[in-house]
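The residues making up each chain are set out below.
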Amino acid sequence: MSTAMARNARSLDVLTAEIHARSPRTTVYDIGDPDHQARESDHNPNRSGVVCAIDIMPGHGLDLGALAEEIRARRHPAGKYVIYQDRIASAARGWAWREHTGDYHDHVHVSAGVGPDGASTGPYDNTEPWLTEDDMTPQQAWVLHVMNYRLEAILANRPTVLIPARADLGTAYAKAVTEPNQLYTALNRPLTDVDEQALAAALGPLLETGATPEEVAAAVVAKFADKLAVG
């Protein structure tokens, strides 16, 4: 199957959206590179042209150990196995962790479906959520999703905020949103070398309660004065 005609398993599209809702800048790889293509791998399209694996890379504040454990514990209907730091848990073995050798120490690998690697079948297109949202309503989950992307735009010093759709939350949230980064305008100076988690802790409550750009900008100046470029 040509990689040009391939698509991702829909269950993994849902998981990727959930990961990016928590950490917008986290890198998630899907279709295999030449090394994967030289062997049997769920990163390669199956006979139906579906890629049934993703790799979730480290960085940007996402706790990969906690994520791997959450995926294991939730036992998604499409889940085949999860690997992290030389351990694997699979549906076929009751989702218990066991030792695993391979190049999976620094990132989380998730495969969907059933059957041999590279030939997965079964429920890989199941679109149920993989991760918990702490019993949030769809509206609350959307607010958190928007807040995370606003924070990401602040960190990236971009004048616009690109907020992807969250179709998994219902039709009301199935369209992407583009909005001005009002904090970018209010500050009129870029932030440099700010820790993502520190910024989220400082500004998250303000963004969630609808503070004005000027109020958020004042909080940034008070908290991160040494991280602001000289204007």
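Residues numbered from 1 in each chain as written. Predicted model: local features only at pLDDT ≥ 70, side-chain atom pairs only at ≥ 80, totals over all residues. Heavy atoms only, no water.

Novice: Looking at this structure, I do not really get the pairing of strand 8 (residues 108–112). What am I missing?
Specialist: Regular strands place their side chains on alternate faces of the sheet. The element strand 8 is largely enclosed, with a buried count of 5 among its 5 residues. Burial of strand 8 is two-sided: the residues Val108, Val110 and Ala112 facing one way and the residues His109 and Ser111 facing the other way are all buried. Here 4 bridges tie strand 4 (residues 53–56) to strand 8, and the two strands are oriented antiparallel to one another. Looking at the pairing, Ala53 lines up with Ser111 of strand 8. Relative to strand 8, strand 5 (residues 79–84) runs antiparallel, the two being bridged by 4 bridges. Opposite Val82, over in strand 8, you have Val110 as the bridge partner. (Buried < 20%, exposed > 50% of the residue type's maximum accessible area, 1.4 Å probe, protein only. Helix = DSSP H or I, 4+ residues; strand = E, 2+ residues; numbered from the N terminus. Pairing = 2+ DSSP bridges.)

Novice: In this structure, what is going on with the sheet that holds strand 6 (residues 87–90)? I would like to understand it.
Specialist: Taken in spatial order, the 6 strands line up as 2-4-8-5-6-7 in an open sheet, and their pairing is antiparallel. Among the strands making up the open sheet, the edge pair consists of strand 2 (28–29) and strand 7 (98–99). Examined bridge by bridge, strand 6 and strand 7 share 2 bridges and lie antiparallel to one another. The partner of Arg87 across the bridge, within strand 7, is Glu99. Here helix 1 (residues 10–22) sits on the sheet and contacts strand 2, strand 4 and strand 8; the angle it forms with strand 4, its principal contact strand, is near 15°. Along the sheet, helix 3 (residues 64–74) contacts strand 4, strand 5, strand 6 and strand 8; its crossing angle with strand 5, the most-contacted strand, is approximately 155°. (Contact = heavy atoms within 4.5 Å. Axes fitted to C-alpha atoms, helices over the stretch in contact; angles between N-to-C directions.)

Novice: I keep staring at the nonpolar core and nothing clicks. Help me out?
Specialist: Considering soluble globular proteins, one finds that nonpolar side chains tend to be buried as a cluster. Judged by nonpolar contacts, the single largest core of 26 residues is most densely connected at Leu15, Ile56, Val110 and Trp130. Look past the residues within four positions of Val110 in its chain and what remains in contact with it is Leu12, Leu15, Cys52, Ala53, Ile54, Ile56, Ile71, Tyr81, Val82 and Trp130. Among the nonpolar cores identified, the runner-up in size contains 14 residues, and Leu151, Leu155, Leu183 and Leu199 belong to it. (Core = buried A, V, L, I, M, F, W, Y, C linked by side-chain atoms within 4.5 Å.)

Novice: Just to check I follow, could you spell out unusual backbone geometry for this structure?
Specialist: It is generally the case that most residues other than glycine have a negative phi and that most peptide bonds are trans. The backbone of Arg75 sits at a positive phi, close to 50°, despite the residue not being glycine. Relative to the helices and strands, Arg75 resides in the loop between helix 3 and strand 5. Arg75 gets classed as partly exposed once you look at its relative accessible area, which sits at 47%.

Novice: Can you walk me through the pattern of salt bridges in this structure?
Specialist: Pairing is possible between side chains that carry opposite charge, provided their charged atoms lie close to one another. A complete count under the given rule lists 6 salt bridges for this structure. The shortest N-O distance in the salt bridge between Glu70 and Arg22 comes to 3.0 Å. Here Arg22 lies in helix 1 and Glu70 lies in helix 3, a separation of 48 residues in the sequence. Residue Arg22 is classed as partly exposed on the basis of its relative accessible area of 36%. In this structure, the salt-bridge partner of Lys80 is Asp117, at a minimum N-O distance of 3.2 Å. You can see Lys80 sitting in strand 5 and its partner Asp117 sitting in the loop between strand 8 and helix 4 (138–156), a full 37 residues away along the chain. Exposure remark for Lys80: the relative accessible area of 9% places this residue in the buried category. (Salt bridge = Lys/Arg side-chain N within 4 Å of Asp/Glu carboxyl O.)

Novice: Teacher, can you tell me more about the side chain of Ser111 here?
Specialist: Structurally, Ser111 can be placed in strand 8. By relative accessible area, Ser111 is classed as buried at 0%. Reaching out from Ser111, the side chain makes a polar contact with the side chain of Asp42 at a distance of 2.9 Å. Every residue in contact with Ser111, bar those within four places of it in the chain, is listed here: Asp42, Cys52, Ala53, Ala78, Gly79, Lys80 and Tyr81. (Polar contact = N/O pair within 3.5 Å; in protein donor to acceptor, adjacent residues only side chain to side chain.)

Novice: What is the right way to read the environment of Leu191 from this model?
Specialist: Along the chain, Leu191 turns up in the loop between helix 5 (182–187) and helix 6 (196–208). Classification of Leu191 by relative accessible area gives buried; the value is 6%. In this structure, the C-alpha to C-alpha distance between Leu191 and Val221, residues 30 residues apart in sequence, is 9.8 Å.

Novice: How should I be thinking about the packing of aromatic side chains in this particular structure?
Specialist: For any pair of aromatic rings, geometry is given as the distance between the ring centres together with the angle between the planes. The final tally for this structure, using the stated rule, is 1 aromatic pair. One Lys or Arg, Arg87, reaches over the ring of Trp97 and ends 4.3 Å from the middle of that ring. (Phe/Tyr/Trp six-rings, centres within 6.5 Å; stacked < 30°, edge-to-face > 60°. Lys NZ or Arg CZ within 6 Å of the ring centre and 35° of its normal.)

Novice: For this particular structure, what's the right way to read the packing of helix 1 against helix 4?
Specialist: For any two helices packed against each other, one specifies the crossing angle of their axes together with the interaxial distance. One way to put it is that helix 1 packs onto helix 4 with a least axis distance of 7 Å and a crossing angle of 60°. Where helix 1 abuts helix 4, its residues His20, Ala21 and Arg22 lie against Leu144, His145, Asn148 and Tyr149. Considered class by class, the residues forming the contact of helix 1 with helix 4 number 3 nonpolar, 3 polar and 1 charged. (Nonpolar A, V, L, I, M, F, W, Y, C, P; charged D, E, K, R; others polar.)

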